[in-house]
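Below, each chain spelled out in residue letters.
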Amino acid sequence: MSDNSVKSVVKALNILDKLAFDDIERNGIGLVELAKKMDMLPNTLHNIIKSLVICGYADQNEQGKYIVGRRFKEMETLGKLSYRGIVEKVFMPVMKTIKEKTEETVILAVLLNGKRVQIAEIASDNPVRSKDSGNNLFSLISGICLAYMADEKQLLDILNVNGYPEGAKDLSEVKSFVEKFKLSDCEVFQKTRYNNEIETFAIPFIYEDAIFSLGIHLPGYRCDEKKKIAILQALLEAKKSLS
């Protein structure tokens, strides 16, 4: 069978293999050392790894050494969610507790490749149906709080996929837009929608280096002060249990 592989692609994937499997502790590998491992000239290696960095599959740490990038980490997260049963074993029990305490619909989302990806939901006995026709991250409170936790490169990915939120023209204005939904006295975010018809709440958290959010939405008429306190407490306790 003939080898029709593209040599530059093969080299790039082999470099990624070295970064992923020869640097388990993620301390980074210097350019010269990596070139020796790959049996390549440093200049040739640099040109290839620069492309990996641009695409997010490699990155440089503070010491200038190369490590796997955010794209690789997101793929790793997706693999864990798919094959290790993390959703069923770790998140679903927490979501069930939130639902029992609030009697409202609970949603779990994760930030992947600039997108808010919903991966689980436990519906209320009296669910409210969303009127959303799209899935723009900035339109949903469980997406807004993901953006709050994102670093600058992740935020650029978010903007590339979702565009800028209304009224924002640069990163500082995006951050200001996101921060205005965070409650002043705790880590929970809140957004009122459709002329007070729907109240939405969410809290972001980090689990195994990935950014997740737990969200709740309910009709405005059910969201009295007692219910709001129950929601805030449930979300805060959930984050604490997952930290």
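You'll find the structure just up there.
Parameters and conventions
- Residues numbered from 1 in each chain as written.
- Predicted model: local features only at pLDDT ≥ 70, side-chain atom pairs only at ≥ 80, totals over all residues.
- Heavy atoms only, no water.
- Pairing = 2+ DSSP bridges.
- Helix = DSSP H or I, 4+ residues; strand = E, 2+ residues; numbered from the N terminus.
- Axes fitted to C-alpha atoms, helices over the stretch in contact; angles between N-to-C directions.
- Phe/Tyr/Trp six-rings, centres within 6.5 Å; stacked < 30°, edge-to-face > 60°.
- Buried < 20%, exposed > 50% of the residue type's maximum accessible area, 1.4 Å probe, protein only.
- Parallel < 35°, antiparallel > 145°, perpendicular 65-115°, else oblique.
- Left-handed = near helix turned anticlockwise from the far one by under 90°.
- Contact = heavy atoms within 4.5 Å.
- Nonpolar A, V, L, I, M, F, W, Y, C, P; charged D, E, K, R; others polar.

A. Here's a closer look at the sheet that holds strand β5 (residues 189-193). Judged by pairing direction, the sheet is antiparallel, and its five strands sit side by side in the order β4-β3-β7-β6-β5 without closing on themselves. Single-partner strands in this sheet number two, and they are β4 (115-122) and β5. Here the average twist between neighbouring strands, direction ignored, is 25°.

B. Here's a closer look at the packing of aromatic side chains. In this structure the tally under the stated criterion is eight aromatic pairs. Centre to centre, the rings of Phe-91 and Phe-212 are 4.9 Å apart; their planes meet at 45°, and the pair counts as tilted. Here Phe-91 is found in helix α5 (residues 86-102), whereas its partner Phe-212 is found in strand β7 (residues 210-219), with 121 residues between them in sequence. Just as Phe-91 is buried, Phe-212 falls in that class too. Here the aromatic residues Phe-91, Phe-205, Tyr-207 and Phe-212 are joined through ring pairs into a cluster of three or more.

C. Representation of the packing of α5 against helix α9 (residues 225-242) within the structure. One way to put it is that α5 packs onto α9 with a least axis distance of 9 Å and a crossing angle of 160°. Compared by their axis directions, α5 and α9 come out roughly antiparallel. For the pair α5 and α9, the crossing hand works out as right-handed. Contact residues: α5 offers Val-90, Phe-91, Val-94, Ile-98, Lys-101 and Thr-102, while α9 offers Lys-227, Ala-230, Ile-231, Ala-234, Leu-235, Glu-237, Ala-238, Ser-241 and Leu-242. Across the contact of α5 with α9, the residue classes break down as 10 nonpolar, two polar and three charged.

D. The environment of Leu-140, seen in detail. Residue placement: Leu-140 occurs in the loop between β4 and α6 (141-149). Since its relative accessible area comes to 11%, Leu-140 is described here as buried. Put simply, Leu-140 and Val-110 are 30 residues apart on the chain and 13 Å apart in space, counted from C-alpha to C-alpha.

E. View of the pairing of strand β6 (residues 198-207). With respect to burial, β6 is a largely interior element, nine of its 10 residues being buried. In this structure, β5 lies alongside β6, joined through five bridges in antiparallel fashion. Directly across from Lys-191, in β6, lies its bridge partner Thr-200. Taking the residues that link successive antiparallel strands as the turn, the β5-β6 hairpin has four residues, and the phi of Tyr-194 there is positive, at about 50°. Pairing of β6 with β7 involves 10 bridges; the strand directions are antiparallel. Bridge pairing links Ala-202 to Gly-215 in β7. Between the antiparallel neighbours β6 and β7 lie two residues, among them Glu-208 with a positive phi of about 50°.

Just geometry here; none of it tells us what the structure is for.
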